[in-house]
Amino acid sequence: MSEPRNIVVLTGAGISAESGIDTFRDAGGLWEQHRVEDVATPEGFARDPELVQRFYDARREAVQKVSPNPAHEALAKLDAEWEGELLIVTQNVDDLHERAGARRVLHMHGELLSALCARCEARHSWSETLLDQPACPGCGAQALRPDVVWFGEMPYQMERIYAHLRRADLFVSIGTSGAVYPAAGFVRDARELGARTLELNLERSEGSYWFNESRQGRASELVPEWVKEILTPSV
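Please read these numbers as outputs of a predicted model, since none were measured by experiment. (Residues numbered from 1 in each chain as written. Predicted model: local features only at pLDDT ≥ 70, side-chain atom pairs only at ≥ 80, totals over all residues. Heavy atoms only, no water.)

A. Region of the structure containing the overall build of the protein. Looking only at helices and strands, the protein has nine helices and 11 strands in total. Taking 18 Å as the expected radius of gyration for a compact globule of 235 residues, we find that the protein reaches 18 Å, a close match to that expectation. Once the C-alpha set of the protein is aligned to its principal axes, its extents read approximately 60 × 40 × 30 Å. Long-range contacts, defined as pairs at least 24 residues apart, comprise 63% of the intrachain contacts of the protein with a sequence gap of at least 6. Here the protein displays about 11,800 Å² of accessible surface, and carbon together with sulfur accounts for 47% of that area. The protein carries 25 positive and 37 negative side-chain charges, and their two centres are separated by 3 Å. (Helix = DSSP H or I, 4+ residues; strand = E, 2+ residues; numbered from the N terminus. Rg over C-alpha atoms; globule rule 2.2 N^0.38 Å. Contact = heavy atoms within 4.5 Å. Areas by Shrake-Rupley, 256 points an atom, 1.4 Å probe, with all protein chains shown as cover. Lys, Arg positive; Asp, Glu negative; His and termini not counted. Charge placed at Lys NZ, Arg CZ, Asp CG, Glu CD.)

Here is the structure:
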């Protein structure tokens, strides 16, 4: 990778798996023993809001008990030391990037530790249950839901993501399956716009052929190695 200036990093479930957070869904299409359609769609929430709130309450509680791993810490180091433009776009709804110290982070699929008011559309930091229908701190309505992007909903801040991709010299994908769009298409967009592309993943993703280089292994090993490379000035 020859002296990039502007970097976009995309992270997926694989980077948090080593912290004890389950990847999105298993081969049977289940998400922690639930059908994805039941717990990750607006229709599922309308059909059984109690089930959905219980599901996300459990995940919200669980994520607060895990810690960032060396991959998160390495990206936080990159964030602190990189003098060029950097955006860490994460598909993950945990806060492990931030707890590791990263600041230039965009959660395109929302955040577990946030609640969205369906009435006034305000977002609020939230670490407790939503099952008991607490009032929105903004408008007072009992209309809070998990601030998580479900299937059929638009990911957050897409215009900002594409603006960074247009300026990127280097696009790096870490721990993603390459199966969920629009994130799966970022590598093609970046490469067609002239950026170098690098994949760091446990195994080759579905879109691995779009990358200039693909490295396989554990994120907690690959990411620190790559960050050390990128922060070491070429002689």
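Next comes the rest of the description.
B. Main features of helix H4 (residues 49–63). The end-to-end C-alpha distance of H4 is 21 Å, a good match for the 21 Å that 15 residues give at a rise of 1.5 Å each. Three or more residues of H4 are buried, namely Val-52, Gln-53, Phe-55, Tyr-56, Asp-57, Arg-59, Arg-60 and Val-63. (Expected span 1.5 Å × (residues − 1). Buried < 20%, exposed > 50% of the residue type's maximum accessible area, 1.4 Å probe, protein only.)

C. Looking closely at the sheet that holds strand S1 (residues 7–11). Ordered by their spatial adjacency, six strands build an open sheet running S5-S4-S1-S9-S10-S11, and the pairing between neighbours is parallel. If you trace the sheet from one side to the other, it starts and ends with strand S5 (105–107) and strand S11 (213–216), each paired once. Between one strand axis and the next, the sheet turns by 15° as a mean value, whatever way the strands run. The strands that helix H5 (residues 70–81) touches are S1, strand S4 (86–90) and strand S9 (170–174); relative to S4, the one it contacts most, it runs at about 150°. (Pairing = 2+ DSSP bridges. Axes fitted to C-alpha atoms, helices over the stretch in contact; angles between N-to-C directions.)

D. Up close: the UniProt feature "active site" (unreviewed entry) in the protein. When the UniProt feature table is mapped onto this chain, "active site" (unreviewed entry) is found at His-109. As for its position among the elements, His-109 is in the loop between S5 and strand S6 (110–117). Leave out the neighbours within four places in its chain, and His-109 touches Thr-90, Gln-91, Val-93, Asp-147, Val-148, Val-149 and Pro-155. Side-chain polar atoms of His-109 contact the backbone oxygen of Gln-91, separated by 3.2 Å. (UniProt positions renumbered as here; feature names shortened; annotations may be inferred. Polar contact = N/O pair within 3.5 Å; in protein donor to acceptor, adjacent residues only side chain to side chain.)

E. The pattern of salt bridges, seen in detail. What the rule picks out here adds up to 16 salt bridges. For Glu-81, the salt bridge identified is with Lys-77, shortest N-O distance 2.6 Å. Here Glu-81 and its partner Lys-77 are both found in helix H5, four residues apart, which amounts to about one turn of the helix. Look at Glu-81 and you get partly exposed, because its relative accessible area is 42%. Judged by relative accessible area, which is 41%, Lys-77 ranks as partly exposed. A cluster of three or more residues bridged by salt bridges with shared partners is formed by Arg-35, Glu-37, Asp-38 and Arg-47. (Salt bridge = Lys/Arg side-chain N within 4 Å of Asp/Glu carboxyl O.)

F. Structural context of the nonpolar core. With 24 residues, the main nonpolar core has Val-9, Leu-75, Ile-174, Val-223 and Trp-226 as its most contacted residues. Only S1, H5, S4, S9, strand S10 (196–201) and helix H9 (219–231) provide two or more residues apiece to this core. Per-element accounting of this core gives the leading share, six residues, to H9. Those residues in contact with Leu-75 that sit more than four places away from it in its chain are Val-9, Thr-11, Ile-15, Ile-88, His-97, Ile-174, Val-223, Trp-226 and Val-227. (Core = buried A, V, L, I, M, F, W, Y, C linked by side-chain atoms within 4.5 Å.)

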